[in-house]
Amino acid sequence: MSEKSILPFGDPILRKKAKPVAELNSKTLKLLDDMVETLYAREGRAGLAAPQVGILRKLIVMDCGEGLIELINPEVMALSGEQMGTEACLSFPGYFGYVKRAHYIKLSTLNRQGNRIILEAEGYLARCMQHEIDHLNGLLFVDHVHEKWLYHEQTQQRIDVLQVIRLTNQGGV
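Residues numbered from 1 in each chain as written. Predicted model: local features only at pLDDT ≥ 70, side-chain atom pairs only at ≥ 80, totals over all residues. Heavy atoms only, no water.

S.K.: Explain the overall build of the chain here, please?
M.R.: If you tally the helices and strands in the chain, you get 3 helices and 9 strands. The order of helices and strands in the chain, counted from the N terminus, is α-β-β-β-β-β-β-β-α-β-β-α. By the compact-globule yardstick of 16 Å for 173 residues, the chain fits well, its C-alpha radius of gyration being 15 Å. Counting only C-alpha atoms and orienting by the principal axes, one finds that the chain spans roughly 45 × 35 × 25 Å. A buried classification covers 48% of the 173 residues belonging to the chain. A sequence separation of at least 24 residues applies to 65% of the contacts in the chain between residues at least 6 apart. Side chains of the chain carry 20 positive and 21 negative charges; the gap between the two charge centres is 7 Å. (Helix = DSSP H or I, 4+ residues; strand = E, 2+ residues; numbered from the N terminus. Rg over C-alpha atoms; globule rule 2.2 N^0.38 Å. Buried < 20%, exposed > 50% of the residue type's maximum accessible area, 1.4 Å probe, protein only. Contact = heavy atoms within 4.5 Å. Lys, Arg positive; Asp, Glu negative; His and termini not counted. Charge placed at Lys NZ, Arg CZ, Asp CG, Glu CD.)

S.K.: In this structure, what is going on with the sheet that holds strand E8 (residues 149-152)? I would like to understand it.
M.R.: Strand-to-strand pairing in sheets goes through backbone hydrogen bonds, with the strands running parallel or antiparallel. With antiparallel pairing, 4 strands are arranged side by side in an open sheet as E4-E5-E8-E9. Unpaired on one side and paired on the other, strand E4 (83-88) and strand E9 (158-160) mark the two borders of the sheet. Within the sheet, the average angular offset between the axes of one strand and its neighbour, ignoring direction, is 35 degrees. In the packing of helix H2 (residues 123-136) onto the sheet, the strands contacted are E4 and strand E5 (95-101), and the crossing angle to E4 comes to about 55 degrees. (Pairing = 2+ DSSP bridges. Axes fitted to C-alpha atoms, helices over the stretch in contact; angles between N-to-C directions.)

S.K.: Honestly, the pairing of strand E2 (residues 59-62) in this entry has me stumped. Any pointers?
M.R.: The side chains of a regular strand alternate between both faces of the sheet. Side chains Leu 59 and Val 61 project from E2 onto one buried face, and the interleaved Ile 60 and Met 62 project onto a second face that is buried too. Counting the residues in the hairpin turn of E2 and strand E3 (residues 69-80) gives 6 residues, including Gly 65, whose phi is positive at 105 degrees.

S.K.: Teacher, can you tell me more about the layout of surface pockets here?
M.R.: Empty space among the atoms becomes visible once a probe the size of a water molecule is rolled across them. Approximately 480 Å³ is the volume attributed to the largest pocket. In terms of lining, the largest pocket is formed by 24 residues, of which the most central are Gly 44, Arg 45, Ala 88, Cys 89 and Leu 90. If you list the elements that add at least two residues to the lining of the largest pocket, you get E4 and H2. A total of 6 residues in the lining of the largest pocket trace back to one element, the largest contributor, which is H2. Among the residues making up the lining of the largest pocket, the classes are represented as 10 nonpolar, 7 polar and 7 charged. Counted as a void, the second largest pocket has a volume near 280 Å³. Along the walls of the second largest pocket sit 13 residues, with Lys 27, Thr 28, Leu 31, Ile 55 and Arg 57 positioned nearest its centre. Here the lining of the second largest pocket takes 5 residues from helix H1 (residues 26-40), the largest share from any one element. (1 Å grid on protein atoms, 1.4 Å probe; cavity = no way out; pocket = protein on both sides within 12 Å on 5 of 7 lines; lining within 4 Å. Points joined across faces, edges and corners; volume = space filled by probe spheres on them. Nonpolar A, V, L, I, M, F, W, Y, C, P; charged D, E, K, R; others polar.)

Here is the structure:
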């Protein structure tokens, strides 16, 4: 396994849509392993999508405190309810914003063995799943920020989210 570099906000790859994984082969499984190592090497992490490491494939690894979850070609089947909470991103370290998401998610995904499984989640785990699936579609959490500010984790200094979105759409922060 090897740790991957995480692309920063502004990298144009983060705005592109990922393609489905066509075949679960040794290369795909190694990428999942590398993503897991990368995820666990970061402080304050919850999830990592393949586009964040420069690979436009529908792969996600996450651990929101209940153990490792791997999603391969996830498809959202249902969303319901509402929750508001803070979100941050490994591609934009040190900042967070308030985002409204569905409280419940039901999705279909492949596991490592290539079997289709159904997962359901509520609360924080549902939030994390939606955040990471957005990465597969070229969306970033700043696209959903409820108010117009992002906040720096340590100083609480705020920056205008519209400026950030403009920069991320132009390919540079």
